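A structural walkthrough
Listed below are the residues making up each chain.
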Amino acid sequence: PNSDGFNDYLVPFPYTSVERIEMKIFNRWGTVVYETTDPGINWDGKNKDTDQECSEGVYFYICDVYEITLTGLQKRSLQGTVHLYR
């Protein structure tokens with residue numbers, strides 16, 4: 001994110017049938033820098049507590065996705081990394 005209007009937010013690929021998510025993004029020391037329940041995610045690369053820009057680097061995420069299915073609401077757990085470039 002550099003405020004040029006391109007890739008300024010972390011957003012998922014187009015999705016359907018997602019009711020909500022529970023996502024946390026951690027820095028290399030295990031501190032939560034962002035969390036959301038919005039399926040659109042919309043992380044702008046800033047720390048949720050200080051509103052300051054996070055440094056470039058690799059961040060780890062865990063995410064529980066609650067999907068609406070024919071059999072009801074089902075939870076899918078995801079985890080991985082996000083590379084933050086400025």
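This report concerns the structure included in the present document.

1. Re the pairing of strand S4 (residues 72-84)
Across 13 bridges, strand S3 (residues 57-69) lies against S4 in antiparallel orientation. Within S4, the position partnered with Cys63 by the bridge is Leu78. Between the antiparallel neighbours S3 and S4 lie two residues.

2. Notes on unusual backbone geometry
At Ser17, a position not held by glycine, the phi torsion is positive, near 65 degrees. You can call Ser17 partly exposed: its relative accessible area is 41%. Positive phi, normally seen in glycine, also occurs at Ile41, with a value near 60 degrees. As for its placement among the helices and strands, Ile41 is situated in the loop between strand S2 (32-36) and S3.

3. Thoughts on the side chain of Asp8
Relative to the elements of secondary structure, Asp8 occurs in the segment before strand S1 (18-26). Arg86 provides the closest opposite charge to the buried, unpaired Asp8, separated from it by 7.4 Å. Within the structure, the side chain of Asp8 is placed 3.1 Å from the backbone nitrogen of Asn2, a separation counted as a polar contact. Contact partners of Asp8, with chain neighbours within four places excluded, come to Pro1, Asn2, Ser3, Trp43 and Asp44.

4. With respect to the sheet that holds S1
Pairing within the open sheet is antiparallel, and its four strands lie in the order S2-S1-S3-S4. Each end of this open sheet is capped by a strand with a single partner; those strands are S2 and S4. This sheet shows a mean twist of 10 degrees between the axes of neighbouring strands, independent of strand direction. The pairing of S1 with S2 spans four bridges and is classified as antiparallel. From the neighbouring strand, Met23 faces S2, where its bridge partner is Thr36.

What counts and how
Residues numbered from 1 in each chain as written. Predicted model: local features only at pLDDT ≥ 70, side-chain atom pairs only at ≥ 80, totals over all residues. Heavy atoms only, no water. Pairing = 2+ DSSP bridges. Helix = DSSP H or I, 4+ residues; strand = E, 2+ residues; numbered from the N terminus. Buried < 20%, exposed > 50% of the residue type's maximum accessible area, 1.4 Å probe, protein only. Lys, Arg positive; Asp, Glu negative; His and termini not counted. Salt bridge = Lys/Arg side-chain N within 4 Å of Asp/Glu carboxyl O. Polar contact = N/O pair within 3.5 Å; in protein donor to acceptor, adjacent residues only side chain to side chain. Contact = heavy atoms within 4.5 Å. Axes fitted to C-alpha atoms, helices over the stretch in contact; angles between N-to-C directions.

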